[in-house]
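# Examination of the molecular architecture
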Amino acid sequence: MFNMQRIGKAISALRKGENMTQMELADRMGISFQAVSNWERGNSMPDISKLPELAEIFGVTVDKLLGEKSVLVDAALNDKLEECMKN
């Protein structure tokens, strides 16, 4: 399972590395700044549909953003979730 604290710290570090506020990131993604705050504090995870957008904003891969390779996330992002679940 994913470590929400570690992912939150990664999002925070990437955001700060871009000299971006939580509000600026939230505006770019069309979400609330509270959602970004919750991610960074490890209280919640970004919706899987937001991961590619978040990775693109920071110029990293989804794997890098999550800190690990996930077969399930990779399948979901590539519309192969049903096939993955069968295996």
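Look above for the structure.
None of the values given here were measured: they were computed from a predicted structure.

### Re the side chain of arginine 15
Within the secondary structure, arginine 15 is located in helix 1 (residues 4-17). With residues up to four places along the chain from it excluded, the contact list for arginine 15 reads Met20, Thr21, Gln22, Leu25, Glu40 and Phe58.

### Examining the nonpolar core
Formed by 16 residues in total, the largest nonpolar core has its most connected members in Ile11, Leu25, Leu54 and Leu65. At five residues, the largest contribution of residues to this core is made by helix 4 (residues 51-58). With residues near it in sequence (within four places) discarded, leucine 65 still touches Ile7, Ala10, Ile11, Leu14, Leu51, Leu54, Ala55, Phe58 and Val60.

### Looking at the pattern of salt bridges
Evaluation of the coordinates by the stated rule reveals two salt bridges. Two residues, glutamate 40 and arginine 15, come together in a salt bridge whose shortest N-O distance is 2.5 Å. Taken together, the residues span a long stretch of sequence, with glutamate 40 in helix 3 (residues 33-40) and arginine 15 in helix 1 at a distance of 25 residues. Of the two residues, glutamate 40 and arginine 15, neither departs from the other in class, the shared state being buried. Note that glutamate 53 is salt-bridged to lysine 50, the shortest N-O span being 3.7 Å. Take lysine 50: its relative accessible area is 22%, and that puts it in the partly exposed class.

About the criteria used
- Residues numbered from 1 in each chain as written.
- Predicted model: local features only at pLDDT ≥ 70, side-chain atom pairs only at ≥ 80, totals over all residues.
- Heavy atoms only, no water.
- Helix = DSSP H or I, 4+ residues; strand = E, 2+ residues; numbered from the N terminus.
- Contact = heavy atoms within 4.5 Å.
- Core = buried A, V, L, I, M, F, W, Y, C linked by side-chain atoms within 4.5 Å.
- Buried < 20%, exposed > 50% of the residue type's maximum accessible area, 1.4 Å probe, protein only.
- Salt bridge = Lys/Arg side-chain N within 4 Å of Asp/Glu carboxyl O.

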